[in-house]
Amino acid sequence: MLCLCALSLLPQRGLAGGPMQSLLQQLAAQGQVVIAGETVYDLPVTQSFYAGKHYEPAWTKPIALNELSAAIYEAEREGMNPDDYHQRQVQALLDGTLALDSASRDLLLTDALVRLTYHYAFGKVDPRDYVSSWNFDRKLPQIDPVQWAADVVSNGGILSGLEQLKPTSPMYRQLVGALAKYRSIEAAGGWTTVDPGPTLHPGDSGLRVIQLRRRLLVEGDLPAHASPESTVFDDILEQATIRFQKRHHLDADGVVGKKTLAALNVPVQRRIGQIRVNLERSRVLQDIPATAVIVDIAGFEVSLFRDGQRLLRSRAQVGRPYRSTPTFRDRITYIEFNPTWTVPPTILKKDTLPAIKRDPGYLQTKNMQVLTRDGKVVDPASVNWQLYPQQGFPYLLRQRPGPNNSLGRLKVMFPNEHMVYLHDTPSKDLFSRSERTFSSGCIRVEEIMELAELLLDDPAWDQAAIARVIGEQKTKRVSLRQPMPIYLVYWTVEVRDDGTVEFKSDPYQRDGALLKALERPLRPDPERIGQQSPAYRQQ
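From a predicted model like this one, the values you see are computed outputs, not experimental measurements. (Residues numbered from 1 in each chain as written. Predicted model: local features only at pLDDT ≥ 70, side-chain atom pairs only at ≥ 80, totals over all residues. Heavy atoms only, no water.)

Let us look at the pattern of salt bridges. Tallying each qualifying case throughout the model produces 29 salt bridges. Among the ionic pairs, Arg215 bridges to Glu219, the shortest N-O distance being 2.8 Å. In this pair, Arg215 and Glu219 are both assigned in helix H9 (residues 207-219), four residues apart and thus about one turn of the helix distant. Within the structure, one salt-bridge network assembled from shared partners comprises Asp296, Glu301, Arg313, Glu494, Arg496, Glu502 and Lys504. (Salt bridge = Lys/Arg side-chain N within 4 Å of Asp/Glu carboxyl O. Helix = DSSP H or I, 4+ residues; strand = E, 2+ residues; numbered from the N terminus.)

Structure follows, in structure tokens:
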């Protein structure tokens with residue numbers, strides 16, 4: 001049997017006479033045809049589908065059209081763009097308000113089904129267009145796509161067949177529920193804004209307090225029994241404000257300053273778009289195993305799951321926007337206690353060498369050595385620091401182990417081309433910040449000792465044993481008994497098990513571009529025909 005990735009690999013066949021054959025021949029010759037105002041592009045799977053049907057119309061049973069229409073509405077409910085699947089034309093055919101010749105009708109419906117199948121299988125947007133480090137795989141049902149399409153069109157089963165391609169994670173279902181909730185809020189008129197002005201504190205009063213009450217009532221942060229018209233910022237409103245701040249990953253101080261006001265005034269339409277973007281991310285990233293470490297970059301968190309149970313959830317610091325933490329997957333293989341830190345080239349050029357020129361005592365303060373490329377120690381006084389970084393720096397700078405080492409007391413390694421890893425940090429005070437983009441790409445983990453114990457998964461490596469090794473002040477590498485999958489992902493919406501919807505700040509500003517891509521029309525991408533990726537791209 002062929003994997004669904006073969007959707008774009010199937011060969012074209014010869015065409016014969018007759019209306020269906022003539023239309024397909026025109027499609028093959030021109031690369032596209034327009035039917036009822038919709039562009040249908042030539043794809044090998046479409047030609048093979050009709051070759052297998054001996055170039056006879058396929059959509060002859062009413063159940064198929066009904067199921068296709070329902071599948072398009074289901075796709076819209078899951079954040080996909082119904083216009084991609086010719087929704088208006090399909091509905092008009094179902095209602096009998098659109099008249100098409102048999103061949104055109106059939107090809108339009110087949111194209112809608114092919115598009116749906118591609119987007120559930122691979123996502124609409126190829127993530128590699130937006131994330132250069134992307135290396136995630138998709139495991140797809142082992143089915144012959146042409147035979148599958150022929151079966152479901154002839155015998156029914158479009159809905160159940162597409163269901164096999166959807167994410168099975170609770171996260172996807174929760175996001176679908178969140179989308180329905182916020183679309184209902186939009187249909188009811190959305191929410192009012194809070195006027196700009198000075199910071200609102202508990203005990204304040206006035207019109208802006210009423211606006212705040214009305215705003216927090218809509219999403220349920222303010223209890224329904226609370227008065228929406230009271231002008232007083234009382235204890236109930238303070239707790240509602242804190243709930244809102246926690247849901248938006250803000251400092252939960254109960255006062256309405258600039259950041260909280262900005263979050264309050266984000267329109268519901270933008271929140272809907274944010275949920276849709278994360279549904280798309282869920283479709284292209286479905287196969288995270290039940291046992292893995294998850295780095296939630298936008299949420300500034302690291303979690304460890306074993307057999308689907310979260311055993312650790314720790315605050316983290318990630319890369320600054322201009323030195324962003326990459327999105328990719330790998331395997332953790334070892335832990336290094338009391339690590340040294342060799343300054344990476346980018347940090348060396350942009351930060352460390354300029355700092356040494358400003359402060360001659362920098363190397364001593366930071367407990368750093370100057371080394372040749374083959375590891376020999378160099379006297380810092382023998383180096384003319386004023387030449388660098390204008391010239392290529394011929395040495396290495398290495399920080400000795402210790403409590404003030406930039407990597408702290410241990411690092412968790414998954415060797416990769418990006419040179420990022422998880423590690424301890426002496427900058428522990430930064431974990432208390434709500435936005436934690438402070439690193440140069442690596443991930444600083446607050447509960448790194450607990451993470452190390454879980455990764456080693458050995459009674460001999462409890463916290464006391466880890467403390468003893470660290471106390472020896474000697475670099476020590478310990479391999480994991482089994483490599484642990486690690487996924488560095490970027491999600492800006494999360495739904496808790498109790499249904500609470502959390503919105504994150506999108507620190508790398510990726511949501512907007514992805515939302516625009518979701519809204520753009522489609523056309524085939526000849527460069528990706530035959531690859532395990534969407535055969536359609538955005539115009």
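Anyway, onward from the coordinates.
Structurally, the position occupied by Ser154 is in helix H6 (residues 145-155). Overall, the relative accessible area of 18% leaves Ser154 in the buried class. If sequence neighbours within four positions are ignored, Ser154 has contacts with Lys53 and Lys61. (Buried < 20%, exposed > 50% of the residue type's maximum accessible area, 1.4 Å probe, protein only. Contact = heavy atoms within 4.5 Å.)

Attention now moves to the sheet that holds strand E9 (residues 377-378). The antiparallel open sheet is built from four strands, whose spatial order is E7-E10-E8-E9. Both edges of this open sheet fall to strand E7 (341-342) and E9, since each of them pairs with a single strand only. Note that E7 and strand E10 (residues 396-399) share two bridges and pair antiparallel. Bridge assignment links Thr342 to a residue of E10, and that residue is Arg398. (Pairing = 2+ DSSP bridges.)

The next subject is the packing of helix H4 (residues 87-95) against helix H5 (residues 102-122). At their nearest, the axes of H4 and H5 sit 10 Å apart, and the two run at 130° to each other. Of the possible angle classes, the one that applies to H4 and H5 is oblique. In this structure, H4 meets H5 at a crossing whose hand is left-handed. Judged by residue contacts, Gln89, Val90 and Leu93 of H4 engage Arg105, Leu108 and Leu109 from H5. Along the lines of polarity and charge, the residues of the contact of H4 with H5 split into four nonpolar, one polar and one charged. (Axes fitted to C-alpha atoms, helices over the stretch in contact; angles between N-to-C directions. Parallel < 35°, antiparallel > 145°, perpendicular 65-115°, else oblique. Left-handed = near helix turned anticlockwise from the far one by under 90°. Nonpolar A, V, L, I, M, F, W, Y, C, P; charged D, E, K, R; others polar.)

Okay, the confidence of the model for the protein next. Across the protein, the average pLDDT comes to 92, with 94% of residues at 70 or higher. Ignoring residues within four places in sequence, the model shows residues 1-16, a span with pLDDT below 50, making 60 contacts including any to other chains. This stretch, residues 526-535, has a pLDDT under 50; its non-local contacts, to residues over four places away or in other chains, come to 33 contacts. (pLDDT = per-residue confidence, 0-100.)

Residue alternation in strand E11 (residues 410-413) divides its side chains into two sets, Leu410 and Val412 and Lys411 and Met413, and both sets are buried. Two strands pair when backbone bridges link them, and strand E6 (residues 328-337) and E11 are joined in this way by four bridges, in the antiparallel orientation. Residue pairing in the sheet places Ile335 in a bridge with Val412 of E11. In this sheet, strand E12 (residues 422-423) lies alongside E11 in antiparallel orientation, the contact comprising two bridges.

The next subject is the packing of aromatic side chains. Geometry of an aromatic ring pair is reported as the spacing of the ring centres plus the angle between the planes. This model, assessed by the stated rule, comprises twelve aromatic pairs. Relative to Trp461, the ring of Phe337 lies with its centre 5.5 Å away and its plane at 5°, an arrangement referred to as stacked. Here Phe337 is found in strand E6, whereas its partner Trp461 is found in the loop between helix H15 (448-456) and helix H16 (463-471), with 124 residues between them in sequence. With respect to class, Phe337 is no different from Trp461; both count as buried. Through pairs of rings, three or more aromatic residues link up here, namely Trp385, Tyr388, Phe393 and Tyr395. Across the ring face of Phe503, the terminal group of Arg271 is positioned such that the distance to the ring centre comes to 4.7 Å. (Phe/Tyr/Trp six-rings, centres within 6.5 Å; stacked < 30°, edge-to-face > 60°. Lys NZ or Arg CZ within 6 Å of the ring centre and 35° of its normal.)

Looking now at the pairing of strand E5 (residues 309-319). Here six bridges tie strand E4 (residues 301-306) to E5, and the two strands are oriented antiparallel to one another. Counterpart to Ser303 in the pairing with E5 is Arg313. Linkage of E4 to E5, two consecutive antiparallel strands, is achieved through a turn of two residues, within which Asp307 is found at a positive phi near 55°. Where E5 lies against strand E13 (residues 437-439), two bridges are found, and the strand directions are parallel. Bridging from a neighbouring strand, Val318 pairs with Thr437 of E13.

The next thing to look at is helix H13 (residues 345-358). Working note: α-helix, 3.6 residues per turn, so residues spaced by three or four point in the same direction. The terminal C-alpha atoms of H13, which comprises 14 residues, lie 19 Å apart, in line with the 20 Å expected from a rise of 1.5 Å per residue. The sharpest bend along H13 measures roughly 35° and falls at Thr352, with the proline Pro354 sitting one to four residues further on. If you check which residues of H13 are buried, you get Ile347, Leu348, Thr352, Leu353, Ala355 and Ile356. Those residues of H13 hidden inside the fold are in contact with E7, helix H14 (362-365) and E10. (Expected span 1.5 Å × (residues − 1). Bend = angle between axes of the 7 residues up to and from the residue.)

Between helix H12 (residues 268-284) and helix H17 (residues 511-519), whose axes approach to 9 Å, the crossing angle comes to 80°. The angle between H12 and H17 falls in the class roughly perpendicular. Touching Gly273, Gln274, Arg276, Val277, Glu280 and Arg281 of H12 are Asp511, Leu514, Leu515, Leu518 and Glu519, all from H17. Among the residues forming the contact of H12 with H17, the class breakdown is four nonpolar, two polar and five charged.

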